[in-house]
Amino acid sequence: MAKKEQAILNNILNDNKESAPGVFLPVLTLIFLALSFFGTVSPQLRALWILDRNALGQGEFWRIFGCHLVHFSPTHLFYNLLVFACAGWLVEKQNRLLFLLLYMLTAGAVSAALLWRYPNMGHYGGLSGVTCGFLLYSAFLLREQSGPWQRAGWLLLIALPLKVGLEFWHQGSILPYPDKQDFITMPLSHLAGMATAIACFAVSWFQARFFKALKNFPAKRGA
């Protein structure tokens, strides 16, 4: 990798101050990847976390945020973990609090949208809606860079909405599933995750520029 490209990569996001210089360990991303794996392979965790409308009626509201860590096939799990590993790293490197906030907001928005739109839906699981939100937020971050990383950001901003649009048209996933797929892909979850990411980035964008303008505003001079 050329020195210029390496410098751009190192400056995509600010290093977390708690990490050693030049070293960043995506702790939260790794934790969520592990939770997704165990939430899928463990029958006990799957039963505890999966979005169950009847269980929600009994006050088990943690399922709104935990259901995204449950998957229904090895391919389903593989796709989501592969993309979330990259997008989660980018968001976490920007700010770990942002990572947690974005997860809570996208997870809540996806669950709420599906419960509202599909009143007869009994169960739901999968990280794809949250992953779409993280991926789109990552695209916004990359777009503010230069060189190949900026082009990658623009490519994601074009390709991700196109993918979701094709899923609505196809009424299901456009990705291949070699194993048995005994679940239905819900494109609305992807749309809800992306909409949440757009809202979050818009708030942070306007907030940053507001405080920058406030800082540069000339102080009033006394007479």
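Just above, that's the structure.
Residues numbered from 1 in each chain as written. Predicted model: local features only at pLDDT ≥ 70, side-chain atom pairs only at ≥ 80, totals over all residues. Heavy atoms only, no water.

J.: Now, about the overall build of the protein chain: what can you tell me, with residues and values included?
T.: Secondary structure summary: the protein chain contains ten helices and two strands in total. In the protein chain, which comprises 223 residues, the proportion classed as buried is 45%. Carbon and sulfur atoms form 67% of the exposed surface of the protein chain, whose accessible area is close to 13,000 Å². (Helix = DSSP H or I, 4+ residues; strand = E, 2+ residues; numbered from the N terminus. Buried < 20%, exposed > 50% of the residue type's maximum accessible area, 1.4 Å probe, protein only. Areas by Shrake-Rupley, 256 points an atom, 1.4 Å probe, with all protein chains shown as cover.)

J.: Requested: an account of unusual backbone geometry, with residues and values cited.
T.: Although it is not a glycine, Gln171 sits at a positive phi angle of roughly 60°. Locating Gln171 in the fold gives a position in the loop between helix H9 (148-170) and helix H10 (187-216).

J.: Give a detailed account of the layout of surface pockets, specifying residues and quantitative values.
T.: By volume, the largest pocket amounts to about 620 Å³. Lining the largest pocket are 31 residues, with His76, Ser128, Tyr177, Thr185 and His190 positioned closest to its centre. For the lining of the largest pocket, the secondary structure elements donating two or more residues are helix H6 (74-94), strand E2 (123-124), helix H8 (128-143), H9 and H10. Of the residues contributing to the lining of the largest pocket, the split by class is 17 nonpolar, twelve polar and two charged. (1 Å grid on protein atoms, 1.4 Å probe; cavity = no way out; pocket = protein on both sides within 12 Å on 5 of 7 lines; lining within 4 Å. Points joined across faces, edges and corners; volume = space filled by probe spheres on them. Nonpolar A, V, L, I, M, F, W, Y, C, P; charged D, E, K, R; others polar.)

J.: Account for the packing of H8 against H9, naming residues and giving values.
T.: A packed helix pair is summarised by two numbers, namely the angle formed by the two axes and the spacing between the axes. Packing of H8 against H9 brings their axes to within 7 Å, and their N-to-C directions diverge by 140°. Crossing of H8 against H9: the hand is left-handed. Note on element contacts: H9 touches H8 through Trp149, Gln150, Gly153, Trp154, Leu156, Leu157 and Leu160, opposite Cys132, Leu135, Leu136, Ala139, Phe140, Leu142 and Arg143. When the residues that make up the contact of H8 with H9 are grouped by side-chain class, the tally is eleven nonpolar, two polar and one charged. (Axes fitted to C-alpha atoms, helices over the stretch in contact; angles between N-to-C directions. Left-handed = near helix turned anticlockwise from the far one by under 90°. Contact = heavy atoms within 4.5 Å.)

J.: Account for the pattern of salt bridges, naming residues and giving values.
T.: Summed over all chains, the structure comprises three salt bridges. The salt bridge partner of Arg63 is Glu60, with a shortest N-O separation of 2.7 Å. When the shortest N-O distance is used, the salt bridge between Arg96 and Glu92 registers 2.9 Å. Residues Arg96 and Glu92 agree in their burial class; the two are buried. (Salt bridge = Lys/Arg side-chain N within 4 Å of Asp/Glu carboxyl O.)

J.: Please set out the packing of aromatic side chains residue by residue, giving values where relevant.
T.: In this structure the tally under the stated criterion is 13 aromatic pairs. With centroids separated by 5.7 Å and ring planes inclined at 80°, the aromatic side chains of Tyr177 and Phe183 adopt a geometry described as edge-to-face. Given the relative accessible area of 17%, Tyr177 is considered buried. Taking the relative accessible area as the measure of exposure, Phe183 reaches 16% and is therefore buried. Members of the aromatic cluster, each reached through a chain of ring pairs, are Phe32, Phe84, Phe99, Tyr103 and Phe134. Against the face of Tyr118 rests Arg117, its NZ or CZ located 5.3 Å from the ring centre. (Phe/Tyr/Trp six-rings, centres within 6.5 Å; stacked < 30°, edge-to-face > 60°. Lys NZ or Arg CZ within 6 Å of the ring centre and 35° of its normal.)

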